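Observations on chain architecture
Listed below are the residues making up each chain.
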Amino acid sequence: MYNIGRRGFLRAAGTVGVAGIAGCLGDIAGSGGGSDKLKKLGMTSYVRGGAWITAYNEAAKLYAKDQNIQIEVRPNQQSAQKQVKDIRDFANKDFDGILVGVWQTGAAKTAIDYAMKKNVPVFATNADTASTNVPMYTGFSNYEGGEKCAKQMLKALKAQKPNKKPWKVLNIRGSQGNQSANQRSQGFLDVMKSNNDVTVVKTINADYARDTALEKTQEWINANKKPHGIYSGNLSMGLGVVQALRNLNLLFKKGDSKHIVLTQMDGSPEVNPLVKQGMIDAAIDQPNYFYNPIAIAMMKQYIENGHSMDAIPDVDSTVTADDFTVKSGQHKGVDLWSESIWAPAEMKEQNGHPWFKTNSIVITQENADKPFLWGNVWGEA
Amino acid sequence: MNGENIVIGRFFEDTDSLLLSLLDNMIWPILAIVILGVLAFVPQTLASASSIQLIFWAGAPLGLLVLAESVTLLSGHFDLSIGAIAGFSAMFTGMVLGNCPSCWNYSDSALLGFVLILVIGLVIGVVNGVMIAKVGLNPFLQTLAFLIILEGAKTAMQTQPVTELPVGYILPGSTALIAIGLVLGAFIAFGVVMKYTRFGQAVYAVGSDANAAREVGINTDRIIIAVYTISGLLSALAGLLITGFIGIVPPLIGENLLFQAFAGAVIGGVSLFGGRGKVTGALGGVILIEIIQTALDNSPAIEATQIQMINGFVLLIAILLYATQERIRERVLARTGRGE
């Protein structure tokens, strides 16, 4: 089982006591009505995004199974409307809680508020909701991911191309309408803007797609001088960029004078070996297979403590691996969740609710083959 | 002909008429069988009034789009831009009324919002109709171009969700009974119009044979423009209901609805070649799609990743049934000498 640390335990114990007294007094305040155990969980998520989303979704199922929680996953079908319907449907049925990977920020707000009003707690993971009522959102910061990629890019440029200033770099970004794409791009651009040695020569919208990134990067390099570095906002676009450089005979390992520095968001079964080989300099990875287990553990805690926010760590606190653990389990040939790569997490407030802001991992040549990277676990499947 | 033969002849005539009528309304027995199947295998889908209400409520925007597509199909045309009209009109109106980084936020009048969204849909519909009827553009190319233009324009205008819309504006879509009532009202109204008015009969006539319709004095251009105008209006109304159901205008609003709208119309028995089918059948098509979708979501035996594939098979089965129905119909008509 997870543990919530001494402070959390005392708070939880107090809550249970208060809840017990309240129970003796009857439902005077008119609150309650929700379950006191987490037995059945509904989840609405994107299911067609490749290996990353498979790891994210499958981890929820594996962890729920370990905890004897029944879980039902519904695809959002890239539609906010479908997601709203599913959240309402879960709330109308006998589900004790709901996990939401929000498809479009703000879109699921009314449905989430409806479920919360019916005492069916909704925890958001990976993508946040605009609802102020959710007890917690779990995810890393896309903006900080972009910043970290920029810093890795600058570090690599300084080390490998000290005499080529001012460096010229390309920014390959995701879809315009996508909140995480905007934040990842902006985080990168803001760091680059603050450095006089580097210029972002072009931001290209590649719609999070490998083929689009391949085509547009190749076209841009054909029409212009080759850049010193390229940043990609997700794994698909990063792999498209690698293929574009391969097609143009510009893909060289780091250490080679012709090497173009590549940094990107996300590791993956394909990305990690490229980092190991030195083709990609660094990738910023999310602890995606922890998001839903963290949310489930917290939700269980929240429900068993009488639907109390006391079960959620305080905003502005730091949660370490000593405060909170996700119980590991043997899955896919590894001891899954044994390495707390999510820690330390910062408790922030976002959209009026707590945000369990996990750490992110910098994948480099040194750690690219470690078993705690999801790409090295789900890649074997 | 002796008396016995007359009786046998009349019997076959009655049987054929019954069969033709059954074929024209095949969606309803299919729907009944599907509902029985759902009650037997995934009973939780229809277990409570709130679950049933949600199926109709969430399906209300699709219902309007199916109706829009059905009317254009009956006229022998089709409209690929319905989802894009819904999305563009909702986004444009949202930017006038709501809040987002680059919203115009001119007004918080719900009434203005209703008028604006419908006028946008109407204007786009008229342009589609005029380009097809008067300029002579192919309906596929014209409406495909508008699909691309409108989705692009929506993204060019706004890439962030539009929030803080007036409560009155989102009311029709956010209130289940209003949304469902609006859609049922629209289907009933168009059912009556298509069956009992000269306009409705003219739409069927144009859909069956435009040249013949012209020769009997029907102003086919006017009918085509009217049909696309109706399609635009209904699509905009669908955009209003989606906005209300979700509570905001998301950047991708209205996308991925086109094929479902076609599926609803075809499953409901509306001919892809025009001139045959009923809008009430299309309503059955919408209900069928929504019930199957919800049952698939509810079924513990089906993985989330399998749902889209199974949806595709359901559509394929419906198309096969439709093709079979067509063949039986042709055979019956040939036998009775009422071939078309």
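Residues numbered from 1 in each chain as written. Chains lettered and ligands numbered in written order. Predicted model: local features only at pLDDT ≥ 70, side-chain atom pairs only at ≥ 80, totals over all residues. Heavy atoms only, no water.

**Details of the overall build of chain B**
- Counting its regular elements, chain B contains 14 helices and zero strands.
- Moving toward the C terminus, one meets the helices and strands of chain B in the order α-α-α-α-α-α-α-α-α-α-α-α-α-α.
- The globule rule puts the C-alpha radius of gyration for 340 residues at 20 Å, and the 22 Å found for chain B is close to it.
- Overall, chain B is about 85 × 55 × 30 Å in size when its C-alpha atoms are taken along their principal axes.
- A separation threshold of at least 6 residues defines the contact pool for chain B, and within that pool the share at least 24 residues apart is 76%.
- When the accessible surface of chain B is split by element, carbon and sulfur atoms take 68% of a total near 15,100 Å².
- If the 14 positive side-chain charges of chain B are averaged to one point and the 20 negative ones to another, these points end up 10 Å apart. (Helix = DSSP H or I, 4+ residues; strand = E, 2+ residues; numbered from the N terminus. Rg over C-alpha atoms; globule rule 2.2 N^0.38 Å. Contact = heavy atoms within 4.5 Å. Areas by Shrake-Rupley, 256 points an atom, 1.4 Å probe, with all protein chains shown as cover. Lys, Arg positive; Asp, Glu negative; His and termini not counted. Charge placed at Lys NZ, Arg CZ, Asp CG, Glu CD.)

**Examining the packing of helix α3 (residues 49-74) of chain B against helix α8 (residues 176-196) of chain B**
All names here are of chain B.
- Close contact between α3 and α8 brings their axes to 8 Å; oriented N to C, the two are set at 25 degrees. One finds that α3 runs roughly parallel with respect to α8. For the pair α3 and α8, the crossing hand works out as left-handed. The residues of α8 that touch α3, namely those facing Gln53, Phe56, Trp57, Ala60, Gly63, Leu64, Leu67, Val71 and Leu74, are Ala176, Leu177, Ala179, Ile180, Val183, Ala186, Phe187, Phe190 and Met194.
- In terms of residue class, the contact of α3 with α8 is built from 16 nonpolar, two polar and no charged. (Axes fitted to C-alpha atoms, helices over the stretch in contact; angles between N-to-C directions. Parallel < 35°, antiparallel > 145°, perpendicular 65-115°, else oblique. Left-handed = near helix turned anticlockwise from the far one by under 90°. Nonpolar A, V, L, I, M, F, W, Y, C, P; charged D, E, K, R; others polar.)

**Observations concerning the packing of aromatic side chains**
All names here are of chain A.
- By the definition in use, this model includes 18 aromatic pairs over all chains.
- Their ring planes at 75 degrees and their centres at 5.7 Å tell us that Phe324 and Trp342 sit as a pair that is edge-to-face. Of the two residues, Phe324 is situated in the loop between β11 (318-319) and β12 (329-331) and Trp342 in the loop between β13 (334-336) and β14 (345-350); the sequence distance between them amounts to 18 residues.
- Classification of Trp342 by relative accessible area gives buried; the value is 0%.
- Stacked on the ring of Phe95, the Lys or Arg Lys40 has its end atom at 4.5 Å from the ring centre.
- The ring of Trp355 has Lys357 lying over it, and the distance from NZ or CZ to the ring centre is 5.9 Å. (Phe/Tyr/Trp six-rings, centres within 6.5 Å; stacked < 30°, edge-to-face > 60°. Buried < 20%, exposed > 50% of the residue type's maximum accessible area, 1.4 Å probe, protein only. Lys NZ or Arg CZ within 6 Å of the ring centre and 35° of its normal.)

**Description of the sheet that holds strand β9 (residues 261-265) of chain A**
All names here are of chain A.
- Taken together, six strands build an open sheet; the order of strands is β7-β6-β8-β9-β10-β16 and the sheet is mixed. Strands with a single pairing partner mark the edges of an open sheet, and in this sheet they are β7 (198-205) and β16 (361-363). For this sheet the average axis-to-axis angle between neighbouring strands, irrespective of direction, equals 15 degrees.
- The strands touched by helix α5 (residues 142-160) within the sheet are β6 (167-173), β7, β8 (229-232), β9, β10 (282-285) and β16, with β9 carrying the most contacts at an inclination of about 165 degrees.
- Against the sheet, helix α7 (residues 210-223) contacts β6, β7 and β8, and its axis sits at roughly 135 degrees relative to β7. (Pairing = 2+ DSSP bridges.)

**With respect to the sheet that holds strand β15 (residues 353-357) of chain A**
All names here are of chain A.
- Strand order across the open sheet formed by eight strands is β2-β1-β3-β4-β5-β15-β14-β11, with mixed pairing between neighbours. Each edge of the open sheet is held by one strand with a lone partner, namely β2 (70-75) and β11.
- The sheet strands contacting helix α2 (residues 51-66) are β1 (40-45), β2 and β4 (122-125), and the helix crosses β1 at an angle near 175 degrees.
- Along the sheet, helix α10 (residues 288-304) makes contact with β1, β3 (97-100), β4, β5 (136-139) and β15, crossing β4 at roughly 160 degrees.

**Remarks on the environment of Leu36 of chain B**
All names here are of chain B.
- Residue position: Leu36 is located in helix α2 (residues 27-41).
- Overall, the relative accessible area of 58% leaves Leu36 in the exposed class.
- Residues Leu36 and Ala60, 24 residues apart in the sequence, show an inter-C-alpha distance of 23 Å.

**Notes on the pattern of salt bridges**
- For the coordinates displayed, the defined rule picks out 19 salt bridges over all chains.
- Among the salt bridges present, the one from Asp94 of chain A reaches Lys40 of chain A, with a minimum N-O distance of 3.0 Å. Of this pair, Asp94 of chain A sits in the loop between α3 (80-92) and β3 while Lys40 of chain A sits in strand β1, and the two are 54 residues apart along the sequence.
- Residue class for Asp94 of chain A comes out exposed when judged on its relative accessible area of 52%.
- Classification of Lys40 of chain A as buried rests on a relative accessible area of 16%.
- Here the salt bridges share partners, and the residues they tie into one network are Glu72, Arg74, Lys82, Asp86, Asp89 and Lys93 of chain A together with Asp297 of chain B. (Salt bridge = Lys/Arg side-chain N within 4 Å of Asp/Glu carboxyl O.)

**Some words on the environment of Ala368 of chain A**
All names here are of chain A.
- Position of Ala368 relative to the elements: it lies in the loop between β16 and α11 (374-378).
- Ala368 sits 95 residues away from Pro273 along the chain, and the two C-alpha atoms are 6.9 Å apart.
- When neighbours within four sequence positions are excluded, Ala368 is seen to be in contact with Asn272, Val275, Lys276, Ile363, Leu373 and Asn376.

**Points about a nonpolar patch on the surface**
- On the surface, a nonpolar cluster with roughly 470 Å² of combined accessible area is contributed by Leu111, Val115, Val119, Leu122, Val123 and Val127 of chain B.
- Topologically, Val119 of chain B is positioned in helix α5 (residues 110-133). (Patch = residues over 30% accessible without salt bridge, like charges linked within 9 Å, V, L, I, M, F, W, Y side chains within 5 Å.)

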